[in-house]
Amino acid sequence: MSEDETWGRTVPDEGRGTVAEPKVVLGVAGGIAAYKACELLRRLTESGHDVHVVPTASALHFVGEATWSALSGHPVATEVWTDVHEVPHVRIGQSADLVVVAPATADLLARAAHGLADDLLTNTLLTARCPVVLAPAMHTEMWEHPATRENVATLRRRGTVVIEPAVGRLTGVDTGKGRLPDPGEIFEVCRRVLARGVTEPDLAGRHVVVSAGGTREPLDPVRYLGNRSSGKQGYALAKTAAARGARVTLIEANTGLADPAGVDVVHVGTAVQLREAVLKAAAEADAVVMAAAVADFRPADYAQGKIKKKDGEEPAPLVLVRNPDILAEISAERAHPGQVVVGFAAETDDVLANGRSKLRRKGCDLLVVNEVGERKTFGSEENEAVVLSADGSETPVPHGPKEALADVVWDQVAARLAG
Ligand SMILES: Cc1cc2nc3c(=O)[nH]c(=O)nc-3n(C[C@H](O)[C@H](O)[C@H](O)COP(=O)(O)O)c2cc1C
């Protein structure tokens, strides 16, 4: 980095003169996925971020200095001994608005967790006072090793956002958990973390469970009773919680949506399967948010073969039985006294009155009530709701992106967990 180097560019801003571009440090550690960080770098620079790349010496075995320098428009250093007069080992971290490391190797996680400062990237991690996002990528065995688990837990406890790796093809012929999430997904996490502008993510060290989608109750091998829930609100909750530092378990039913980065996803189909998955995950969760539309009833019988119409015969009446009331159950039998439980209610009329009565009946802490209809809520990218609280407060959330509603929910959950 040379003396005339500008760290923190300004760009013209209509009507207000100039505005500073957010300053991002992109750390790259020596994993096979280092090449994917080029795409992340591109997305960051093209969306108006001033990015300094700090690769480790190992990372340069995978992608060379010239690539990082050309794509970022800044010189690149690996060691603390380059341009010593500028004290880069302190200055880069101090001036950053966000540090993201992708991929983060098992080695880098260990060094960060233990506070080592043996190269420029680890020095930067120690001097940064901005949010830090780590996107680990490694073989499944390395990710599951108790040493790595403990290092990740330590980093999360300190407020670092550690994105869960994806499941898929690893180096060579292996597949499993440990793959670097899609650069677009990592970019989204960075964007959300920067947008919140907080240095200490308020859900750091917390484990939250979110259910999303709609259950399907099978009648025969080809038919089911279902509902219109798209799962987008639940996914927005999962993504925003991950960006706020939480470890997230997302239990999804029939959404068809891609697994979000940074989240453990459990796929289920029916209400009974959803209950089982929620109870298991809730056993060690700080908060459970039930955004899935769970069928109240299921067919009493399941036909092993496709139900056929018979000439001259009316169809047999459909007999339904009640499904378990998962929200009421987890509200009544909390895994620990401080666990926060949030429900969702989709109502077509008397929205608030029905919501208040549901909140009392279910015994949860918060109930997010929204009005549904043919073109409202289901499948939409936007939502409008009122968050009702067991203490009597009501927080209207105006029409806007589902992420905005998700953030209001997490604000209230975080406040309860802190209190
Ligand atoms: C071909 C190859 C691929 C590697 N991929 C990974 C990886 O994906 N994740 C990981 O944690 N380590 C991986 N390693 C091992 C790291 O490069 C090694 O632990 C190194 O010390 C990491 O240094 P760094 O953390 O300073 O970047 C790989 C090594 C080689 C030779």
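Residues numbered from 1 in each chain as written. Predicted model: local features only at pLDDT ≥ 70, side-chain atom pairs only at ≥ 80, totals over all residues. Heavy atoms only, no water.

1. A look at the overall build of the protein
In terms of regular secondary structure, the protein is built from 14 helices and 21 strands. Its C-alpha atoms give the protein a radius of gyration of 24 Å, near enough to 22 Å, the size a compact globule of 419 residues would have. Sorting the 419 residues of the protein into buried and exposed places 51% on the buried side. Nonlocal contacts in the protein, meaning residues at least 24 apart in sequence, comprise 68% of its contacts between residues at least 6 apart. (Helix = DSSP H or I, 4+ residues; strand = E, 2+ residues; numbered from the N terminus. Rg over C-alpha atoms; globule rule 2.2 N^0.38 Å. Buried < 20%, exposed > 50% of the residue type's maximum accessible area, 1.4 Å probe, protein only. Contact = heavy atoms within 4.5 Å.)

2. So, helix H13 (residues 351-362)
Over its 12 residues, H13 extends 16 Å from the first C-alpha to the last, a length consistent with the 16 Å expected when each residue adds 1.5 Å. Where H13 is concerned, the buried positions are Val 351, Gly 355, Lys 358, Leu 359 and Lys 362. Viewed along the axis of H13, the buried residues span an arc of 105°, placing them on a single side of the element. In H13, those exposed residues whose orientation departs by more than 90 degrees from the buried face are Arg 360 and Arg 361. Positioned one or two residues after H13, Gly 363 has a phi angle of 80°, which is positive. (Expected span 1.5 Å × (residues − 1). Arc of directions from axis to C-beta.)

3. Topic: the site of the ligand
Around the ligand, 15 residues are found, and the nearest of them are Gly 30, Thr 56, Thr 105, Asp 107 and Arg 111. Between an oxygen atom of the ligand and a main-chain N or O atom of Gly 30, the distance comes to 2.6 Å. Protein contacts shield 65% of the accessible area of the ligand, which totals 640 Å² for the unbound molecule. A per-element tally of the shell around the ligand places helix H5 (residues 106-113) first, with 4 residues. Grouping the constituent residues of the shell around the ligand by class yields 8 nonpolar, 5 polar and 2 charged. (Near = heavy atom within 4 Å. Polar contact = N/O pair within 3.5 Å; in protein donor to acceptor, adjacent residues only side chain to side chain. Areas by Shrake-Rupley, 256 points an atom, 1.4 Å probe, with all protein chains shown as cover. Nonpolar A, V, L, I, M, F, W, Y, C, P; charged D, E, K, R; others polar.)

4. Observations concerning the packing of aromatic side chains
The tally for this structure, following the rule as stated, stands at 0 aromatic pairs. Sitting above the plane of the Trp 143 ring, Arg 149 keeps its charged end 4.5 Å from the centroid. (Phe/Tyr/Trp six-rings, centres within 6.5 Å; stacked < 30°, edge-to-face > 60°. Lys NZ or Arg CZ within 6 Å of the ring centre and 35° of its normal.)

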